[in-house]
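Structural description and commentary
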Amino acid sequence: MLISDIYTWICMVKAQAGGPPSTNIDATVVTMKTSLIAGIFSSTMLTLVGINAVSASELSTDIGGDVQKGKEKAGQICQACHGLDGNGIPGQPVWPKLAGQHPRYIYKQLQNFKNGDRWNAQMSPMAMPLSDEEMRNMAAYYSSLPQSGGTAEEELVAKGERIYRAGNAATGVPACSGCHGPAGLGSNLARFPRIAGQYSEYTAQTLGYFRSAERANDPNGMMRGVAANLKDDEIEAVAAYIEGLSQ
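As a starting point, this report considers the structure included with it. The structure displayed is predicted, hence computed values, not measured ones. (Residues numbered from 1 in each chain as written. Predicted model: local features only at pLDDT ≥ 70, side-chain atom pairs only at ≥ 80, totals over all residues. Heavy atoms only, no water.)

**Quick look at the pattern of salt bridges**
Taken as a whole, this structure holds seven salt bridges when the rule is applied. Its salt-bridge partner being Glu133, residue Lys69 comes within 3.8 Å of it at the nearest N-O pair. You can see Lys69 sitting in helix α4 (residues 67–77) and its partner Glu133 sitting in helix α8 (residues 132–143), a full 64 residues away along the chain. Exposure remark for Lys69: the relative accessible area of 44% places this residue in the partly exposed category. One salt bridge in this structure joins Lys73 and Glu134, with 3.4 Å as the shortest N-O distance. Within this pair, whereas Lys73 is found in helix α4, its partner Glu134 is found in helix α8, the two being separated by 61 residues in sequence. For Glu134, a relative accessible area of 24% corresponds to the partly exposed category. (Salt bridge = Lys/Arg side-chain N within 4 Å of Asp/Glu carboxyl O. Helix = DSSP H or I, 4+ residues; strand = E, 2+ residues; numbered from the N terminus. Buried < 20%, exposed > 50% of the residue type's maximum accessible area, 1.4 Å probe, protein only.)

So this is what it looks like as C-alpha cells:
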C-alpha cells in the first residue's frame, strides 16, 4: 500500500463520519494515519535490510528470552491448546498457531492478557501468574519453531486475495498486505503478527472481535478501524486466503 493510498483511505473514513475529507481531521485519525505509515515504513525497511531472512532462532533472542526454559514452561501450561510444537490442535482451529510467530508480538499479547488489556476466558487466567521472564522465555520458544502452514479453500481464494492485496476502496477497507506484508509474515520490529498459515477459523474470529471492539488491544485502534467495515463474507474469504499463504 502506498502512503497516498493510506491518506485516501483516511479521508474516506472521515467523509463517512460526516466530516470534510481533507480538512479538520481529528487527532484520532491523524494518530491512526501516523501509526499506519510508521508500521508500513518499518515493514518495508525490514524487507530492504533483509530482516525477513533472519532465522527464527536469531529472532528469538530479540527480547532476551531463554528458548529451553520457554519450552519447559510451555510444556506445563500451553501445549494442551497450542501444542508443544506450537501448531495448535487441528480439532480446535479457534486456538491459534504460535509457531514462527514474532517474539515481540507474543510477548505483548501475554502482557496484555496479564494486565487486562486483552481478555479471554482461557488465556487471561493462564497469563495472570506469569513473570516477565517467563513471558519472554515462552515468546522466544514459540518464535523459534517452524509453522506448519495451511491450505486455502479454493472457492474463496480469488475474493480473499483481492481484499488482502487491495482492500475495498468502496467501503474504506485498506489492504491487509500494507502492514502484514505480501506473504503475511508481518514485522517483528513493528509487532505486526505473522498471519500466514494461521487457521482461518481463528483469523475470522479475531476479525470479528476487532469489528465488535470485543478485542481492543490494537495500537491506536488500527485493527478495529480496518475490521469495522468488513462484511461477514469478506472476513470468511480473507481468512481463508491467509491460511493458504506460506513462505
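**Remarks on helix α9 (residues 154–166)**
Relative to the 18 Å expected for 13 residues at 1.5 Å per residue, α9 spans 19 Å between its end C-alpha atoms, a close match to the ideal helical length. Along α9, the helix axis deviates most sharply at Gly160, where the bend reaches about 30°. Residues Leu156, Gly160, Ile163 and Tyr164 constitute the buried set of α9. Buried positions along α9 lie against α10 (177–180) and α13 (232–244). Backbone geometry just downstream of α9 places Gly167 in the positive-phi region, at approximately 70°. (Expected span 1.5 Å × (residues − 1). Bend = angle between axes of the 7 residues up to and from the residue. Contact = heavy atoms within 4.5 Å.)

**Let's talk about a negative patch on the surface**
Negative charge collects at one region of the surface, where Glu153, Glu154, Glu155, Glu201 and Glu236 lie side by side. Tracing the backbone shows Glu154 in helix α9. Its relative accessible area of 71% is what places Glu154 among the exposed residues. (Patch = residues over 30% accessible without salt bridge, like charges linked within 9 Å, V, L, I, M, F, W, Y side chains within 5 Å. Areas by Shrake-Rupley, 256 points an atom, 1.4 Å probe, with all protein chains shown as cover. Lys, Arg positive; Asp, Glu negative; His and termini not counted. Charge placed at Lys NZ, Arg CZ, Asp CG, Glu CD.)

**Remarks on the nonpolar core**
Nonpolar side chains in soluble globular proteins generally cluster together in the buried interior. Ranked by internal contacts, the top residues of the largest apolar core, which has 17 residues, are Leu110, Leu130 and Tyr142. Among the secondary structure elements, those contributing two or more residues to this core are α6 (103–115) and α8. Beyond its immediate sequence surroundings of up to four residues, Tyr142 is in contact with Ala74, Cys78, Gln79, His82, Gly83, Leu84, Gly86, Leu98, Ala99, Gly100, Gln101 and Ile106. Ile163, Cys176, Ile195 and Leu207 belong to the second-largest nonpolar core, a separate cluster that totals 16 residues. (Core = buried A, V, L, I, M, F, W, Y, C linked by side-chain atoms within 4.5 Å.)

**Observations concerning the environment of Gly70**
With respect to the element layout, Gly70 can be found in helix α4. The class of Gly70 is buried, set by a relative accessible area of 0%. Between the alpha carbons of Gly70 and Ala139 there is a distance of 7.3 Å; along the sequence they are 69 residues apart. If sequence neighbours within four positions are ignored, Gly70 has contacts with Asn137, Met138 and Tyr141.

**Let's talk about unusual backbone geometry**
At Arg191, a position not held by glycine, the phi torsion is positive, near 60°. One can find Arg191 in the loop between α10 and α11 (200–212). For Asn220, which is not glycine, the phi torsion reads 55° and is therefore positive. Residue placement: Asn220 occurs in the loop between α11 and α12 (222–227). We classify Asn220 as partly exposed; its relative accessible area is 41%.

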